[in-house]
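As a plain string of letters, each chain reads:
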Amino acid sequence: MPNRTRAQESSNAIERLYIAMRHLFSRGYYKPMGASGETLRNSLLLLRPEIYGSIASDQVELRGLVYVLDRLPAGIEECTYIDLTADEGYKNSQFQVIIPKKRRRNCYRIDVNQMNIEVTRGRSEIYDILTHLTFLYIESHKIRRRVWLQKDRQMLHEWELLEEIVLHNKKISDKEREILLVHLGSILGRSYKEVKEAYADFSEEENPNRFAHIIYWLGKLAIEESHENGQKRTIKFSPDLRDSIGHHIYGDVWATNVKEVLFENNLLDRPIHIISANMHSVMNTLYAPTALPIQAKSSKEFDLFHLLSDDTNEDLRKLVKEHAAKNGLYYIKDNSGTNINVQVIDTAKIEVSLVGFNTTQGDKPVLIVMDYAFGEQAYETMDELLKPYEFNNGKRHLMPVESISIMGKAGILDGGKGDIMIPTAHIFEGTADNYPFKNQLRKRDFEDSDIPVIKGAMISVLGTSLQNKDILQFFHDSTWRVIGLEMEGAHYQKAIQSASKIRGNISKSVKVRYAYYASDNPLQTGSTLASGGLGTTGVEPTYTITNKILKQIFT
């Protein structure tokens, strides 16, 4: 039998992860470091995703730790029990909501031992949480192995000093902090420099020693569950969550809320253009030049948008929002649980020629700008949005959708951060399912820009955190000729094709536009998502793509 390549092994590992997670979800609970979590652990260790860095080594992975804990609720490292729930009313309780720094999900610390995480965005969110937790627990046992001297049946001296600082919440001097960093280096198997950088990444004004607390509690719970009768960390899925997944419960409520706003403002008979994007680029493009005439007059091409992207200019952003609200923008803050906010923009109330667009249309378009979906949630939300609006008397009104535009961030396989990708097809990872389409955005549309543009097929992955260089190199070098990876494209296109070509919910001639800007290059060391965000590098590609989409809508 021929030896399998690393790409084949990685592909099989992803498939096993996917199957194992679905099995554990159906089962209702499992212990990540017990026999029930073995398949997940082994598959993740075999896969060795780039985002988790040195997960397979004896050293504790620090960049991956920062990435993961930014996406999980603060304090989760202290909890033995993790419950994944549907929206079950916790927001009306006395529990304080905890929202992770870089994931929009509501979490609740029930007591010292239990964290509840609300899952309202579908299976992709469950996969995201479970893989991050598996990584976290693998790293915790690395700490346990390094501090528990089994041969001597005693703890490492450095661990005892760490315990004293954490349990007594001890304030330490600068010199004592330097000593602590050295001790943490011994505990983690990392250099002083690496530990110092991680310490700074986790440090908070109210808790400057947060990194020390995280390492201590990860190690402590791993030590406890390694004892013969120790309490094993457990992940449970609530019955309501298990019943709700796959039934579009949140997407239905979300889409109905959007259609109600269209109906109430007499916009259901106007040409509708859906844009999946962020909540600022379309609004700023259409309103900022007239809301901020002085700043706009003195700004070059992207200067105004750089100004609005600066964290210190909240007052300017507020002026744009207030101006937009008076001139045709209806903001729909999500209350459905999807965590997808929406802007409905009536362009009849905007003089678009003042912001650089010429329109030849009779009926002015209505824009529905929806915030980013998450993985499989893209299918649920788009599928529900494209269904007919149902009046109270039972009559149905087809949505007059003329175009759907998807703009987002993606990993690039042949280029660098900030480059633009124009897909010609979306391919589902782990299957041969593929969705070719006619993209109204073309490479030549961007010839007047200095931003590098690449065109080709893109792969929709189960999770960006599960990718490694071997499998991505295969997709790039093989006849698939994949140029990038993201999580929603195939899900969107599946919903669009079924609505337009099979179910007749929207016109067969609906136009689609896809464009992505590169947030990372997972094939390049130091350019993965764990290496940090785009910063201001993302401003120019974001607004360039937004401009091209709007130009096509208005002409």
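Keep in mind that what you see is a predicted model, and the values were worked out from it rather than measured. (Residues numbered from 1 in each chain as written. Predicted model: local features only at pLDDT ≥ 70, side-chain atom pairs only at ≥ 80, totals over all residues. Heavy atoms only, no water.)

Trainee: Mind showing me how you'd approach the overall build of the protein here?
Mentor: From N to C terminus, the protein includes 18 helices and 20 strands. Against the 2.2 N^0.38 benchmark of 24 Å for 555 residues, the protein shows a C-alpha radius of gyration of 25 Å, consistent with a compact globule. When the 555 residues of the protein are sorted by exposure, 56% land in the buried category. When contacts within the protein are restricted to residue pairs at least 6 apart in sequence, those whose partners lie at least 24 apart make up 76%. Carbon and sulfur atoms make up 48% of the accessible area of the protein, which totals about 24700 Å². Of the charged side chains in the protein, 69 are positive and 72 negative, and the gap between their average positions amounts to 3 Å. (Helix = DSSP H or I, 4+ residues; strand = E, 2+ residues; numbered from the N terminus. Rg over C-alpha atoms; globule rule 2.2 N^0.38 Å. Buried < 20%, exposed > 50% of the residue type's maximum accessible area, 1.4 Å probe, protein only. Contact = heavy atoms within 4.5 Å. Areas by Shrake-Rupley, 256 points an atom, 1.4 Å probe, with all protein chains shown as cover. Lys, Arg positive; Asp, Glu negative; His and termini not counted. Charge placed at Lys NZ, Arg CZ, Asp CG, Glu CD.)

Trainee: Please explain the packing of aromatic side chains as it appears in this structure.
Mentor: Note on aromatic pairs: each is described by the distance of the centres and the angle between the planes. A complete count under the given rule lists 17 aromatic pairs for this structure. Considering the side-chain rings of F25 and F237, the 5.3 Å spacing of their centres and the 80° angle between planes classify their relative orientation as edge-to-face. Separated by 212 residues along the polypeptide, F25 in helix α1 (residues 6–27) and F237 in strand β8 (residues 234–237) bring together distant segments of the chain. Looking at F25, the relative accessible area reads 13%, which means it is buried. The class for F237 is buried, based on a relative accessible area of 4%. Taken together, a centroid distance of 4.6 Å and an interplanar angle of 40° make the contact between F437 and Y514 tilted. Of this pair, F437 sits in the loop between β17 (434–436) and β18 (453–460) while Y514 sits in strand β20 (residues 511–520), and the two are 77 residues apart along the sequence. Side by side, F437 and Y514 carry an identical accessibility label, which is buried. (Phe/Tyr/Trp six-rings, centres within 6.5 Å; stacked < 30°, edge-to-face > 60°.)

Trainee: How should the pattern of salt bridges be read in this particular structure?
Mentor: Between side chains of opposite charge, a pair can form as their charged atoms come close. In the structure shown here, the tally under the stated rule is 27 salt bridges. For E376, the salt bridge goes to R123, with nearest N and O atoms at 3.7 Å. Taken together, the residues E376 in the loop between β12 (366–370) and α15 (377–385) and R123 in helix α4 (residues 123–147) connect sequence positions 253 residues apart. Note that R317 is salt-bridged to E314, the shortest N-O span being 3.0 Å. Residue R317 and its partner E314 are both found in helix α14 (residues 314–325); the two are separated by three residues, about one turn of the helix. What makes R317 buried here is its relative accessible area of 19%. The partly exposed category is assigned to E314, whose relative accessible area is 42%. Put simply, R103, R105, E125 and D128 are held in one network by salt bridges that share partners. (Salt bridge = Lys/Arg side-chain N within 4 Å of Asp/Glu carboxyl O.)

Trainee: For this particular structure, what's the right way to read the sheet that holds strand β5 (residues 114–118)?
Mentor: Consider a sheet: its strands pair through backbone hydrogen bonds, and that pairing is either parallel or antiparallel. Taken in spatial order, the six strands make up an open sheet running β1-β8-β2-β5-β4-β3, and their pairing is mixed. Pairing within the sheet leaves two strands with one partner each, and these edge strands are β1 (29–30) and β3 (97–98). Sheet analysis places strand β2 (residues 81–85) next to β8, joined by four bridges and oriented parallel. Bridging across to β8, D83 finds its partner in K236. (Pairing = 2+ DSSP bridges.)

Trainee: Hey, could you run me through the side chain of S276 in this one?
Mentor: You can see S276 is positioned in strand β9 (residues 272–276). Judged by its relative accessible area of 2%, S276 falls in the buried class. Polar side-chain contacts of S276 include one of 3.0 Å to the side chain of Y492. Each residue touching S276, except ones within four places of it in the same chain, is listed here: M370, D371, S405, I406, M407 and Y492. (Polar contact = N/O pair within 3.5 Å; in protein donor to acceptor, adjacent residues only side chain to side chain.)

Trainee: For this particular structure, what's the right way to read empty space enclosed by the protein?
Mentor: Summary: where empty space remains is shown by rolling a probe the size of a single water molecule over the atoms. Under the definition given, this model contains one cavity of 30 Å³ or more. Residue lining of the largest cavity: S124, Y127, D128, T131, F374, L462, G463, S465, L466 and M487, and that is the complete set. Taken together, the residues that form the lining of the largest cavity break down as five nonpolar, four polar and one charged. (1 Å grid on protein atoms, 1.4 Å probe; cavity = no way out; pocket = protein on both sides within 12 Å on 5 of 7 lines; lining within 4 Å. Points joined across faces, edges and corners; volume = space filled by probe spheres on them. Nonpolar A, V, L, I, M, F, W, Y, C, P; charged D, E, K, R; others polar.)

Trainee: How should the pairing of β18 be read in this particular structure?
Mentor: Among the eight residues of β18, seven are classified as buried, and the element is accordingly described as predominantly covered. When strand β16 (residues 420–428) meets β18, the two strands line up parallel, connected through eight bridges. Across the sheet, I422 pairs through a bridge with K455, a residue of β18. Relative to strand β19 (residues 482–486), β18 runs parallel, the two sharing four bridges. What sits directly across from A457, in β19, is V482.

Trainee: How do you make sense of a negative patch on the surface when you look at a structure like this?
Mentor: The grouping of E301, D303, D450 and E540 at the surface amounts to a negative patch. Structurally, the position occupied by E301 is in the loop between α12 (293–297) and α13 (303–309). Of the residues examined, E301 reaches a relative accessible area of 63% and is grouped as exposed. (Patch = residues over 30% accessible without salt bridge, like charges linked within 9 Å, V, L, I, M, F, W, Y side chains within 5 Å.)

Trainee: How do you make sense of unusual backbone geometry when you look at a structure like this?
Mentor: Excluding glycine, residues mostly carry a negative phi; peptide bonds, for their part, are mostly trans. Here N266, not a glycine, exhibits a phi torsion of approximately 55°, which is positive. Its location among the elements puts N266 in the loop between α10 (249–264) and β9.

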